[in-house]
Amino acid sequence: MKKVLLVVLWFPLTMATLSGALLTLYFFDNVRAGDLLFAKQAKELALKNQYEFYAALPQVLGSLTTVVEAADARPELIRQYLTKYNSPLLPYADLIVKLSDQYNLDFRLIVSIAQCESNVCKRIPEGSYNCWGFENGATHFQSFEQALEQVAKTLKEGYIDQGLTTPDLIMPKYAPPSVAKGGPWAKCVNQFMEELK
């Protein structure tokens, strides 16, 4: 009876052991195939983007938008120029550009004439605020603001509107003695306008 019992138990135990071994072999074969597949994919990804594969990339949590607005650089050009020459007109850089636009003038003209006539207002008759040599320096303004307004208006109405649009054309009326000397006034104004570009 022991032999029959041994044979009867032996057969199912052998089958169970054999089945377990086959399942274990199948499982390890699939794990090995998965490892090979993972290694292959990792290699392809590494070749595709070497830096991104090893980088700790942040999650995208939102978006960032940037707005770039254009600004008028002319007041800053005037400011830098007047700073370079230590001019008392420095606080009026924005006003110079505003008046130039209002009277349809080249924004460099007012400053360039002041440079030629008075070293941008450093050599003017005491208390005159006349940096532009109006009436050979005889004109006295009440302030730089008033002077700038009057100079811009005069350049517009007395010169630009008459077709005198460049320093060479303005010179015979603005600085007549300079014409006989070969035009140093226009050369001076042109030079400083070029410097302000």
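Before any of the text, the structure's been laid out above.
Not measured: the values here are computed from a predicted model. (Residues numbered from 1 in each chain as written. Predicted model: local features only at pLDDT ≥ 70, side-chain atom pairs only at ≥ 80, totals over all residues. Heavy atoms only, no water.)

1. Structural notes on the packing of helix α5 (residues 109–118) against helix α9 (residues 184–195)
Here α5 crosses α9 at 125 degrees, and the two axes come no closer than 8 Å. In terms of axis orientation, α5 runs oblique to α9. Of the two possible hands of crossing, α5 and α9 adopt the one that is right-handed. In this structure, α5 uses L109, S112, I113, Q115, C116 and E117 to contact α9, whose residues at the interface are W185, C188, V189, F192 and M193. Considering only residue class, the contact of α5 with α9 consists of eight nonpolar, two polar and one charged. (Axes fitted to C-alpha atoms, helices over the stretch in contact; angles between N-to-C directions. Helix = DSSP H or I, 4+ residues; strand = E, 2+ residues; numbered from the N terminus. Parallel < 35°, antiparallel > 145°, perpendicular 65-115°, else oblique. Left-handed = near helix turned anticlockwise from the far one by under 90°. Contact = heavy atoms within 4.5 Å. Nonpolar A, V, L, I, M, F, W, Y, C, P; charged D, E, K, R; others polar.)

2. Notes on the side chain of T139
Here T139 is to be found in the loop between α5 and α6 (144–158). The exposure class of T139 is buried, given its relative accessible area of 16%. A polar atom in the side chain of T139 sits 2.9 Å from the side chain of E135. When sequence neighbours within four positions are dropped, the list of residues in contact with T139 reads S128, N130 and F134. (Buried < 20%, exposed > 50% of the residue type's maximum accessible area, 1.4 Å probe, protein only. Polar contact = N/O pair within 3.5 Å; in protein donor to acceptor, adjacent residues only side chain to side chain.)

3. What about the packing of aromatic side chains?
Per the stated rule, a full pass over the model turns up seven aromatic pairs. Between the aromatic rings of Y129 and F144, the centroid separation amounts to 4.9 Å while the plane-to-plane angle is 85 degrees, which identifies the pairing as edge-to-face. In this pair, Y129 is assigned in the loop between α5 and α6 and F144 in helix α6, connecting sequence segments 15 residues apart. Judged by its relative accessible area of 10%, F144 falls in the buried class. When the ring of Y159 is compared with that of Y174, the centres are 5.8 Å apart and the planes differ by 55 degrees; the resulting orientation is tilted. With Y159 in the loop between α6 and α7 (167–174) and Y174 in helix α7, this pair connects stretches of sequence that are 15 residues apart. Per residue, the accessibility class of Y159 equals that of Y174, and both read buried. Linked through ring pairs, F134, F141, Y159, Y174 and W185 together constitute an aromatic cluster. A cation sits over an aromatic face here: K173 above Y159, 5.0 Å from the ring centre. (Phe/Tyr/Trp six-rings, centres within 6.5 Å; stacked < 30°, edge-to-face > 60°. Lys NZ or Arg CZ within 6 Å of the ring centre and 35° of its normal.)

4. Structural notes on the state of the cysteines
This model, assessed by the stated rule, comprises two disulfides. With its sulfur 2.0 Å from that of its partner, C116 forms a disulfide with C188. Because the torsion about its S-S bond is -110 degrees, the bridge between C116 and C188 counts as left-handed. Here C116 is found in helix α5, whereas its partner C188 is found in helix α9, with 72 residues between them in sequence. Residue pairing for C121: its cysteine sulfur links by disulfide to C131, the two sulfurs lying 1.8 Å apart. Where C121 bonds to C131 through sulfur, the torsion about that S-S bond is close to 120 degrees, and the disulfide is right-handed. (Disulfide = S-S within 2.5 Å.)

5. A few points about α9
Taking 1.5 Å as the rise per residue, α9 with 12 residues should run 16 Å; its terminal C-alpha atoms sit 16 Å apart, in good agreement. Those residues of α9 lying buried are W185, A186, C188, V189, F192 and M193. All buried residues of α9 project into a common sector of 160 degrees when viewed along the axis, lining one side. The inward-facing, buried residues of α9 abut α3 (74–84), α5, α7 and α8 (176–180). (Expected span 1.5 Å × (residues − 1). Arc of directions from axis to C-beta.)

6. A word on the environment of S118
By the secondary structure assignment, S118 is in helix α5. Along the sequence, S118 and G137 sit 19 residues apart, while their C-alpha atoms lie 9.6 Å from each other. Ignoring any residue separated from it by four or fewer positions in sequence, one finds S118 in contact with R123, I124 and C131. One polar contact links the side chain of S118 to the main-chain carbonyl oxygen of C131, over a distance of 2.9 Å.

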